[in-house]
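# Inside the fold
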Amino acid sequence: MESNLVIVESPAKAKTIEKFLGKNFLVKSSNGHIRDLAKKDFGIDIENKFEPNYVINPEKKKIVAELKKLAKKSTTVWLASDEDREGEAIAWHLFETLALKDENTKRIVFHEITKDAILKAIENPRKIDYDLVAAQQARRILDRLVGFELSPVLWRKVKPSLSAGRVQSVAVRLIVDRERNILNFKASSSFKITALFDIPDNGKKTIELNAELNKKLESEKSAQTFLNNCKSSNYKISDIERKPSKRSPSAPFTTSTLQQEASRKLGFSVSQTMTIAQKLYESGKITYMRTDSVNLSNTALKAIQKEIIKEFGEKYHKQRTFKSKIKGAQEAHEAIRPSYVDKATVDGTYQEQRLYELIWKRTIASQMSEAQIEKTNIIIKCSSCPEKFIASGERIKFDGFLKVYIESTDDENGDTRKGSLPELTVNSVLHLRHMDATEKFTRSLPRYTEASLVKKLEELGIGRPSTYAPTISTIQKRGYVLKEDREGQERMYIQFTLIDNKVNRKEKTEIFGNEKAKLFPTDIGMIVNDFLLKNFENIMDFNFTADVEKKFDEISIGKIKWQKMIDKFYHPFHKKVEETIESSERGSGEKILGKDKETGKVVLARMGRYGAIVQMGDSEDEDKPVFASLNKNQLIETITLEDALYLLKSNKEGRNLGNDPETGKPIFVRVGRFGPMVQIGTAEDKEKPKYASLLKGMDVNTIDLEQALELFKLPRNVGEYENKVVVIGVGRFGPYIRHDSKFVSLKKTDDPLEITLERAIELINDKREADKKKLIKEFAEDKDIFVIKDRWGKPCIKYKTKYFRLAKNVDAEKLTLAKCKEIIAAEMPAKTKAKPKAKAKPKAKAKVKTKK
């Protein structure tokens, strides 16, 4: 039997490490965290210095049981989870849960999975770093408190099922702020003057030279006047400036710079980059991928030097040390680099190979010589104007690191590097072939990509290497942000051309604002952002969020105690939560657009149950209000009255998708009282129209006839279970299973049109198991009353469809039926109690006429 048990957090990592250790080592995986905060009471005892209550994840119970059994039989247990705070916390949770002992438990860390690194770690074990554990614990507890307290506020004040997080909310704010900056931006124009000159070359081929005027002209009139003045002008070179310069390589990759460069060069999303990098690390091909360090070990530097000299020669090598610009503690000891520098390529998927190649090139380039560049400016004098034309170029005299790697940028104007210029002399005469004055427009700040958002978060000190990818994924999953391409718009611009001493004016068109893989805020994202910014200003403050990260760093090195830091934050925050819940303010994002001229009814835009809508009229009008969904690219904040009326008119008529093959009746799609729907037939038909709700992810603007016909297959009978019919349908609250007069919601991944009987039975049984776990007490005498756990794990009384919370001093398990009825009677709103039968109205008394 193996005397050494090594526990890591992933099966892939375990498989790689096992190859390097002897037969007396058994390597097992915990599959990530084995326990987390309980859902009940936040999983935190607030009154007891925020003591966390951890529970083993249900799916990890078998793994824990196996590890406990193996640990008891082992002489030594080696905890080999990752070297960052998250990894240290995993090691601590294993130590606590498996009831390990200090004397035979050792903690080992390594930043690469190579034989040398693993054996060196075995030779140099340490104890668990409880300061790192405390830092991770503080982050987890603070985020749980913020999320669990803010989310119910959003449910009450904005919309059900919303959620909020500390870092995620700030990330959304950045995107909302940028969007508003773009929406409010007013472009101005100026004219850029460019000229193409010919230079005679002693009867040989004519040399061309492109140049640009050293100033922009502010108006159409000044541009036209300038070109007219240049008719019959003479041009010659008045000066040639040559300046030597150097271009240095970038530092090796950190987590954020890898995410940014993989996005620009490879088109990877942030989460995709981290998933691929994790696989490369766990298979021993690169060093640890969550780091903000730019250091390289001495061993790595020597290996890189050897590789550069072998491949390119001595003159291409230059050893250099980089210093990180990011404030705060390092989460790992080294930058991301190949584990074996002599391997320029690796086996694996195509994506793994591409990311590895990017890391290899960046690492090698970081230790190569600077590129030697000569920059040249040719100054061209015009005989009819004081301004100068300038032709710029550059020539690479020694390529240095550029032989291997060129860094990309977020500049949407593209690569601005100039090409080389021909060899010319001062006083050379130039012949103008043509001159253009082209109208150019100023640009707003660009929308964020995932990569540029990571860069901004890092600049502000918000989050850490381990949080960037989950933060960006979360805000998209929650529907606060969309990542998508959008087509640009057409606009006119003016261009004057001077050719053959004539100035011509043309009006041309161009496409601007074309977006690719950009982050856009949704209506609900903007509404939630505004509500939180107004009511929880400190949570949304960039400096506050960055300061919290600094506090975590201080905890990680033992400078402050995590309980003190949490306590200082929590009590003012909790008080603000209670005040906000009690206030009458709501965050609907409602915007009154004006009145419809025909009906005189108010038209407004707001958030509805199913998304952003426009509405004409209100519930107090004689006629019911009418609704229409906003199009995908429209926002409540920017929609106009004219656009809203068009949507309402289109929705009233409905978009005709075609005819039903069976009945020949037209099929329309529109927004009804309970959300987007399709209908067969019209109100004028003898038979009533048939209706079907759109499924989540479907859009009234893009649904087609084939998809609409599929919706009318619901509800559908998928078979029987326990001698009772199983029906799949879609209701007001989404897709469901109906069985034995009970309803079970489908999961987000289940398609109601494709779900099988087997899957439906699985969900029915899962619901029964979940209900059993929730059930605390039931009463044979009254089948309508139960004592259960609510969605947050807190005990409550359920009476039919209503829930009644219990005071903290009430023992739920000891409640009697009489006590439950007493609580229900005391808390039941008056309007829901049984009302006495209305008395018949007395007949009106006849009026008696009196004589004067």
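Keep in mind that this is a model prediction, so the values were computed, not measured.

What follows concerns the confidence of the model for the protein. Confidence in the prediction of the protein, expressed as mean pLDDT, is 88, and 94% of residues score 70 or more. Contacts of residues 830-852 to residues separated by more than four positions or lying in other chains number three contacts, the stretch itself having pLDDT below 50.

Take the sheet that holds strand β23 (residues 655-659) next. Taken together, four strands build an open sheet; the order of strands is β23-β24-β25-β26 and the sheet is antiparallel. The open sheet has two free edges, formed respectively by β23 and β26 (690-693), since each of these has just one partner strand. On average, each strand axis in the sheet is inclined to that of its neighbour by 30 degrees, with strand direction left out of account.

Here Leu753 lies in the loop between β30 (742-745) and α20 (757-774). Along the chain, Leu753 and Asn504 lie 249 residues apart, while their C-alpha atoms are 62 Å from each other. Setting aside anything within four residues of it in sequence, one finds Leu753 in contact with Leu695, Glu710, Leu714 and Arg716.

Okay, the packing of helix α3 (residues 85-97) against helix α5 (residues 130-157) next. Two numbers describe how α3 lies on α5: the axes approach to 8 Å, and their chain directions differ by 100 degrees. Relative to α5, the element α3 is oriented roughly perpendicular. Across the interface between the two elements, Arg85, Glu86, Glu88, Ala89, Trp92 and Phe95 from α3 touch Tyr130, Leu132, Val133, Ala135, Gln136, Gln137 and Arg139 from α5. A breakdown of the residues in the contact of α3 with α5 according to their chemical character gives seven nonpolar, two polar and four charged.

Here the focus is the side chain of Thr273. Assignment of secondary structure puts Thr273 in helix α9 (residues 270-282). In this structure Thr273 touches Leu258, Gln259, Ala262, Phe268 and Leu355, once residues within four positions along its chain are discounted.

Attention now goes to the packing of helix α6 (residues 166-183) against helix α12 (residues 450-460). One way to put it is that α6 packs onto α12 with a least axis distance of 11 Å and a crossing angle of 115 degrees. Our pair here, α6 against α12, has a crossing hand that is right-handed. Contacts between α6 and α12 involve Ala171, Leu174 and Ile175 from the former and Leu453, Lys456, Leu457 and Leu460 from the latter. For the contact of α6 with α12, the class distribution of residues is six nonpolar, no polar and one charged.

Another point: helix α14 (residues 523-535). If you check α14, its first and last C-alpha atoms are 18 Å apart, about what 13 residues at 1.5 Å a residue would give, namely 18 Å. Of all 13 residues that make up α14, 10 are buried, and the element is covered over most of its length. Listing the buried residues of α14 in full gives Asp523, Ile524, Gly525, Met526, Ile527, Val528, Asn529, Phe531, Leu532 and Asn535.

Structurally, Arg486 is set in strand β15 (residues 481-486). A polar side-chain atom of Arg486 sits 2.6 Å from a polar atom in the side chain of Glu484. Setting aside its immediate chain neighbours within four residues, Arg486 contacts Gly513, Asn514, Glu515, Phe520, Lys632 and Asn633.

In this section: the nonpolar core. One recurring pattern in soluble globular proteins is that nonpolar side chains are buried together. Counting 149 residues, the largest nonpolar core has Phe110, Leu355 and Val614 as the members making the most contacts within it. No other element matches the 12 residues that α5 contributes to this core. Setting aside its immediate chain neighbours within four residues, Leu355 contacts Leu258, Ala262, Leu266, Phe268, Thr273, Ile276, Ala277 and Leu280.

Our next topic: the pattern of salt bridges. According to the stated counting rule, one finds 49 salt bridges in the structure shown. A salt bridge links Glu549 to Arg139, with the nearest nitrogen and oxygen atoms 2.7 Å apart. Taken together, the residues span a long stretch of sequence, with Glu549 in helix α16 (residues 542-556) and Arg139 in helix α5 at a distance of 410 residues. Accessibility classification places Glu549 together with Arg139 in one group, the buried group. The closest approach of N and O atoms between Asp547 and Lys551, which form a salt bridge, is 3.2 Å. Linking Asp547 with Lys551, this pair stays in helix α16, spanning four residues, or about one helical turn. A single network of salt bridges, built from pairs that share partners, joins Arg139, Asp143, Arg166 and Glu549.

Parameters and conventions
- Residues numbered from 1 in each chain as written.
- Predicted model: local features only at pLDDT ≥ 70, side-chain atom pairs only at ≥ 80, totals over all residues.
- Heavy atoms only, no water.
- pLDDT = per-residue confidence, 0-100.
- Contact = heavy atoms within 4.5 Å.
- Pairing = 2+ DSSP bridges.
- Helix = DSSP H or I, 4+ residues; strand = E, 2+ residues; numbered from the N terminus.
- Axes fitted to C-alpha atoms, helices over the stretch in contact; angles between N-to-C directions.
- Parallel < 35°, antiparallel > 145°, perpendicular 65-115°, else oblique.
- Nonpolar A, V, L, I, M, F, W, Y, C, P; charged D, E, K, R; others polar.
- Left-handed = near helix turned anticlockwise from the far one by under 90°.
- Expected span 1.5 Å × (residues − 1).
- Buried < 20%, exposed > 50% of the residue type's maximum accessible area, 1.4 Å probe, protein only.
- Polar contact = N/O pair within 3.5 Å; in protein donor to acceptor, adjacent residues only side chain to side chain.
- Core = buried A, V, L, I, M, F, W, Y, C linked by side-chain atoms within 4.5 Å.
- Salt bridge = Lys/Arg side-chain N within 4 Å of Asp/Glu carboxyl O.

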